[in-house]
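# Overview (structure and organization)
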Amino acid sequence: MNSRVTIILVIMAIYLAGMLWIGLKGRKYSETNKDFMTAAKQGSMLLEGKPVDKQLGKIGYLRQEPDLMLLADTVREELCWKNHTITQQELQQLLEHMNLAEYADDFPLALSKGQRLRVVLGAMLAKKPALLLLDEPTTGQDEQSLAEIRRLLLAYKEQGGSIFICTHDMELAAQVADRVIVLCAGQIIADGTTEEVLSNKELVEAGGLTPSALLPVCEQAGLPPCITVEGVKRYVRKTAMGRH
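What counts, and at which threshold
Residues numbered from 1 in each chain as written. Predicted model: local features only at pLDDT ≥ 70, side-chain atom pairs only at ≥ 80, totals over all residues. Heavy atoms only, no water. pLDDT = per-residue confidence, 0-100. Contact = heavy atoms within 4.5 Å. Helix = DSSP H or I, 4+ residues; strand = E, 2+ residues; numbered from the N terminus. Buried < 20%, exposed > 50% of the residue type's maximum accessible area, 1.4 Å probe, protein only.

### Points about the confidence of the model for the protein
Across the protein, pLDDT averages 81, with 80% of residues at or above 70. In the model, residues 1-31 has pLDDT below 50 throughout and makes 109 contacts with residues more than four positions away in sequence or in other chains.

See the structure below:
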């Protein structure tokens, strides 16, 4: 790992604003979630008004190597692992929500990379956590799997869940995050809304990240900086309505 390690931390679905306090100082990328858990155990963080070490049952953690979290012989068993409250109806609904129903009785490690990640994520969601900690969830995933991950995270967000993600995936950050924190060489160099942080080309590059491909397109077209196609569409619609 280089001495100058850049990470981007994305906090989504800030429905627990004021109840979830995150007090992390910039560290090496692979250590960030470990710092989170250490701070939690030391009682220096609050989740829903209580010390996080008393709320660990409400936190789901996806490590960077999710395959190491697969322990059961079937997908069905994996989703129910150490979960004594899930009903058969809830299990079936979860299988369908995760697009895993046809693989319910398959050996999890025999599935594709994207399917295996969904099994692990599904096992966490089955316990109805208030907070998810995700370490590079999109690494090595193909386009179809990326779309599935975005769909599942947005659905969880809409249901009131909060997510803390460590990632270099600018597209994921642009599409699903409400807040972005950029760390560079162990220091926070930006902390703000997704639009204001990721639309700042100089700041993003200073963090060693690749700016959105839409930024130069917007600049050439005379548009304000946009980081998603949806953002461009919103601006065009707004401009068009203003002319009438």
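### Some words on unusual backbone geometry
The phi torsion at K82 lies on the positive side, around 55 degrees, for a residue other than glycine. Inspection of the secondary structure puts K82 in the loop between α2 (75-79) and α3 (88-97). The residue N99 is not glycine, and still its phi comes out positive at about 55 degrees. For N99, the position within the fold is in the loop between α3 and α4 (113-125). The partly exposed category is assigned to N99, whose relative accessible area is 39%.

### Examining the side chain of T138
Here T138 lies in the loop between β5 (131-135) and α5 (143-158). Owing to a relative accessible area of 10%, T138 belongs among the buried residues under this scheme. Residues within four places of T138 in sequence aside, it is in contact with L146, I149, T167, D169 and L172.

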